[in-house]
Amino acid sequence: MSSSVPFSPIPVGSDLKPIPGDPGWPLVGLTLHLMRNPLGIARERYDRYGAASWTNAFGLRMVSLIGPDANEFVLLNKGDLFSNHQGWDYFIGRFFHRGIMLLDFEEHRWHRKIMQQAFKTDVLREYITRMGPGIHKGLDAWQPASGFLMLPAIKQLTLDLATDVFMGHSLGDEADQVNQAFVDTVRAGTAILRFNVPGGRWWRGLRGRRVLEAFFRRELPAKRRSQGHDLFSALCRAETEDGERFSDEDVVNHMIFLMMAAHDTTTITLCNMVYWLARHPEWQQRLRAESLALGKQALEYDDLAQLEGASLVMKEALRLCAPVPSIPRKTVRDAEFRGYHLPAGTLVSISPFFTHHMHEYWPEPERFDPERFAPDRREDKVHPYAWVPFGGGAHKCIGLHFAELQVKAVLHQLLQQFEWSVAPDYEMPLDMTSLPVPSDGLPVVLKRRA
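In the annotation of an unreviewed UniProt entry, the entry for the protein chain reads Cytochrome P450, and the organism field reads Isoalcanivorax pacificus W11-5. Per its UniProt entry, the protein chain bears the Cofactor (unreviewed entry) comment "heme".

In this fold, Ala 181 is placed in helix α8 (residues 175-188). For Ala 181, a relative accessible area of 3% puts it in the buried group. When the C-alpha positions of Ala 181 and Gly 199 are compared, they lie 14 Å apart, and in sequence the two are 18 residues distant. Those residues in contact with Ala 181 that lie beyond four places of it in its chain are Gly 208, Val 211 and Leu 212.

The five strands are arranged β1-β2-β8-β5-β3 in an open sheet whose pairing can be described as mixed. This sheet does not close on itself; its edge strands, each paired only once, are β1 (52-57) and β3 (82-83). On top of the sheet, helix α3 (residues 68-76) reaches β2 (60-65), β3, β5 (327-331) and β8 (347-350); it is set at about 125° to β8, its chief contact. Along the sheet, helix α4 (residues 84-93) contacts β2, β3, β5 and β8; its crossing angle with β5, the most-contacted strand, is approximately 125°.

Attention now moves to the pairing of β1. Within β1, six of the six residues are buried, which leaves the element mostly enclosed by the surrounding structure. What you see with β1 is no split at all: Ala 52, Trp 54 and Asn 56 on one side and Ser 53, Thr 55 and Ala 57 on the other are buried throughout. Taken together, the six bridges between β1 and β2 define a ladder with antiparallel strand orientation. Residue pairing for β2: Thr 55 is matched across the bridge by Met 62. Here β1 hands over to β2 after two residues, with Phe 58 in that stretch at a positive phi of 55°.

Before going further, it helps to spend a moment on the UniProt feature "binding site: heme" (unreviewed entry) in the protein chain. If you check UniProt for "binding site: heme" (unreviewed entry), the listed places come out as Cys 397 in our numbering. Along the polypeptide, Cys 397 turns up in the loop between α14 (352-355) and α15 (400-417). Looking at Cys 397, the relative accessible area reads 30%, which means it is partly exposed.

Once that is clear, we can look at the pairing of strand β12 (residues 443-448). Along any regular strand the residues' side chains alternate between the sheet's two faces. Sheet topology places strand β4 (residues 146-149) next to β12; three bridges connect them, and they run antiparallel. Looking across to β12, one finds that Ser 146 is bridged to Val 445.

As a further point, take the packing of α8 against helix α11 (residues 248-279). Relative to each other, α8 and α11 sit at 90°, their axes nearing to 11 Å. By the angle between their axes, α8 is roughly perpendicular relative to α11. Contact with α8, carried on its side by Asn 179, Phe 182 and Val 186, involves Ile 256, Met 259, Met 260, His 263 and Asp 264 of α11 and no other residues of that element. Tallied by class, the residues present in the contact of α8 with α11 amount to five nonpolar, two polar and one charged.

Most of the time, phi is negative for any residue but glycine, and the peptide bond is trans. Backbone geometry at Asp 80 places phi at a positive 50°, although glycine is not the residue there. Residue position: Asp 80 is located in the loop between α3 and β3. Assessed through its relative accessible area of 27%, Asp 80 is described here as partly exposed. Positive phi, normally seen in glycine, also occurs at Arg 378, with a value near 40°.

On to the sheet that holds β4. Within the open sheet, the three strands sit side by side as β4-β12-β9. Their pairing is antiparallel. Edge strands, defined here as strands with exactly one partner in the open sheet, are β4 and β9 (418-421). On average, each strand axis in the sheet is tilted by 55° relative to the strand beside it, whichever way the strands run. α15 contacts β9 and β12 of the sheet and is inclined by roughly 90° relative to β9.

Tallied over the full model, the rule gives 29 salt bridges. Where Arg 43 meets Asp 47, a salt bridge forms, and the shortest distance between an N and an O atom there is 2.9 Å. Taken together, the residues Arg 43 and Asp 47, both in helix α2 (residues 38-49) and four residues apart, mark about one turn of the helix. Of the charged contacts in the structure, one is a salt bridge between Arg 43 and Glu 360, with a shortest N-O distance of 2.9 Å. Here Glu 360 lies in the loop between α14 and α15 and Arg 43 lies in helix α2, a separation of 317 residues in the sequence.

About the cut-offs
Residues numbered from 1 in each chain as written. Predicted model: local features only at pLDDT ≥ 70, side-chain atom pairs only at ≥ 80, totals over all residues. Heavy atoms only, no water. UniProt positions renumbered as here; feature names shortened; annotations may be inferred. Helix = DSSP H or I, 4+ residues; strand = E, 2+ residues; numbered from the N terminus. Buried < 20%, exposed > 50% of the residue type's maximum accessible area, 1.4 Å probe, protein only. Contact = heavy atoms within 4.5 Å. Pairing = 2+ DSSP bridges. Axes fitted to C-alpha atoms, helices over the stretch in contact; angles between N-to-C directions. Parallel < 35°, antiparallel > 145°, perpendicular 65-115°, else oblique. Nonpolar A, V, L, I, M, F, W, Y, C, P; charged D, E, K, R; others polar. Salt bridge = Lys/Arg side-chain N within 4 Å of Asp/Glu carboxyl O.

Structural data, given as structure tokens:
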């Protein structure tokens, strides 16, 4: 790889510094390194260049801003320096067109104001009540085994829950097709060959988007007439105090994005919790006792705060494996970070995944230690942007409370119905091709409890 060279010329008369970095390997840059060993390459570059450096990856020249200060600078976005849309568009714009995460500034604030109506407390109460029977039915179908693959089982369960809660009914015979469409659209974002070549990842993503659009458009007229408590109906009815509502196109775009986020990121979180609870049976038993103490099969909204141990484990699982490992933005005008010059039009990326593993902020960062989030320790308080699995600022995940609700609702019943374990030397391998998932499907020894 080339030695350090500056990112761009400094404007005449400026006392700012040029961002250091290198292009990586010819043609591919650091793409393969970032997909295979994101923590290792981030640490190497942080030690070499510091909190700001540039390289080539995924066919682009981009600047990495690393650490809690960088997270705060980008996510708070004071003065609207960064565009979400221009940052994400290259990766997922074709597949999650005009989802809430891909909107900017006043338009984003307007959409978010309407969408928040679908995530109010009274609506969340309806969601968790609706989930209970679906979780029980889904888990009841699991067949205990040695080598039971948790990833596909959890993914199917969370998709079924998302469709029931968000759509108001199960997908039936379309479930496999819709699930595959979501998988293809998510994976397409990091395709190295970004052409519509039949059989390629990009082509499959575009095809998946068409499947999802057709599905939601077909359902839309009935949802416009519905008074149901599902998210689809709620988005159709949601309006501001001035009577502003979403167009049909808005509803379809938001449903595609929210359905993906609701079951993909929740699947990743649950898989990591299952893995660490298998590695640490004392924590699995602690959480099981906590759930059994409630004396009820299905969780209710007011029970969420009672599951303190589950909260700790969820936070630690999100620290060890942020479901969205990196967050891109693009500067809309010249900016400055720590004395470095960021020209307008610069693609910038921050990394929650690496921030959560920085020994500069987290004692023994590779160790599973949920108590680090306990009230008497609160290691996450070392910096307000040291723990950012849900992002921050105006674009902080709108569904974060729904995510906690769904994870706890599933885990509550899972702990009551099953025990699970892994071999003492097993370490879960991650596929970082798109979002971080167990590359081996997460095999466990699953036993049904009496």
